[in-house]
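Read off the chains here:
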Amino acid sequence: MTDLAPRELRVLVAVADAGGFSAAAVALGMTQSAVSHSVRGSERRLGAVLFDRGRSGASPTPAGEATLGYARRVLRLLEVMGSEVRATASAAGAGRGPGAGVLAGPLRIAAFRSAALHLLPRALGRLTERHPGIVPEVRIVREVGRGTAGEVLDGRADLGIATLGTTSPVPPELVGGVLVEEGYALVHPAGHPAPRSLPLIDWTENCTSYTREWWAGQEWLPPATVQAEDDGAVLSMVSTGFGMAVMPELSLVGAPPSVEITDLGPERPTRSVGYVTTPELASSLAVRALIRELRAIAG
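In short, a report on the structure. What you are looking at is a predicted structure, and each value in this text was computed from that prediction instead of being measured.

Turning our attention to the overall build of the protein. On a plain count of helices and strands, the protein comes out with 11 helices and 11 strands. Its C-alpha atoms give the protein principal-axis dimensions of roughly 70 × 60 × 30 Å. Counting contacts in the protein only where the partners sit at least 6 residues apart, residues at least 24 apart contribute 71% of the total. Summed over all atoms, the accessible surface of the protein reaches about 14,600 Å², with 56% contributed by carbon and sulfur. Between the centroid of the 28 positive side chains of the protein and the centroid of its 30 negative side chains there is a distance of 9 Å.

Below is the structure:
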């Protein structure tokens, strides 16, 4: 059985975050030799080298990356335990039922740009109105590669707003659910006499492979000749008459009057936007409260 104490987990996370043993020692108020001794002890008990040491500092090995994800999640659960025990105690002292105490502390959320702009604000507004002690911390993460789910797995976020579906399912280590099914639409400069003649603008984060297959079957859609950094840049380019784009509805909320949005019909592609979290945090009071608000505004 691996038995690492919370202080040892904090040392591992500090070394990774600081990029070296010396900087971690300063951050923790420890000596460098104490940090090195702690890391060596953890490596010995885990049976794996967790950091590559070099002149430029220390970087996690693949085993170290996996360990750090668990370490951050365990440390976060300890924080949540303290917060929820205090909330339960305050509820009992006031003669209220379980879960009716004052929730307080940070709630870490990872979201891709359009969700952070157009889905989260109302949910967070409702959440903090009901629970003023909760302090949301939102990080914008590009929904490519491991995306927001990766932030949750790595212990950097309590909940992620993610694109879900057959080509991007909920990772087996996490739990989640769909909040919104959004369709794609053609967006082009308003009043343009032949918008389909314009160059097609795209961005990496845009589509799942399912949507790409739909694109490939549309003879009227040319290959994308312009690549932008994100959906905001795409919409800006379209609004200035530079090209056309196929974009999900969430990205088109608040689109300027200089663009026109055309429905692609019943065969249009769609994407599912939902949430992911760990099984342990899914039952925590703050995460459950946020999921309720997200479902309320999405429904």
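As a further point, take the environment of methionine 237. In this structure, methionine 237 sits in helix α9 (residues 231-239). For the pair methionine 237 and proline 169, spaced 68 residues apart in sequence, the C-alpha separation works out to 31 Å. Setting aside residues no more than four positions away along its own chain, methionine 237 makes contact with Ile201, Val226, Ala228, Phe242 and Gly243.

All right, on to the packing of helix α2 (residues 21-28) against helix α3 (residues 32-46) then. Closest axis-to-axis distance for the α2/α3 pair is 8 Å, and the angle between their directions is 105°. Put simply, α2 runs roughly perpendicular to α3. From α2, Phe21, Ser22, Ala24 and Ala25 reach across to α3, where they touch Gln32, Val35, Ser36 and Val39. By residue class, the composition of the contact of α2 with α3 is five nonpolar, three polar and no charged.

A few words on the packing of helix α6 (residues 120-130) against helix α11 (residues 285-298). Packing of α6 against α11 brings their axes to within 9 Å, and their N-to-C directions diverge by 130°. Taken together, the axes of α6 and α11 are oblique relative to one another. Classified by chirality, the crossing of α11 by α6 is right-handed. Judged by residue contacts, Leu120, Arg122, Ala123, Leu124, Arg126, Leu127 and Arg130 of α6 engage Ala289, Leu290, Glu293, Leu294, Ala296 and Ile297 from α11. Broken down by class, the residue content of the contact of α6 with α11 amounts to nine nonpolar, no polar and four charged.

Cut-offs applied
- Residues numbered from 1 in each chain as written.
- Predicted model: local features only at pLDDT ≥ 70, side-chain atom pairs only at ≥ 80, totals over all residues.
- Heavy atoms only, no water.
- Helix = DSSP H or I, 4+ residues; strand = E, 2+ residues; numbered from the N terminus.
- Contact = heavy atoms within 4.5 Å.
- Areas by Shrake-Rupley, 256 points an atom, 1.4 Å probe, with all protein chains shown as cover.
- Lys, Arg positive; Asp, Glu negative; His and termini not counted.
- Charge placed at Lys NZ, Arg CZ, Asp CG, Glu CD.
- Axes fitted to C-alpha atoms, helices over the stretch in contact; angles between N-to-C directions.
- Parallel < 35°, antiparallel > 145°, perpendicular 65-115°, else oblique.
- Nonpolar A, V, L, I, M, F, W, Y, C, P; charged D, E, K, R; others polar.
- Left-handed = near helix turned anticlockwise from the far one by under 90°.

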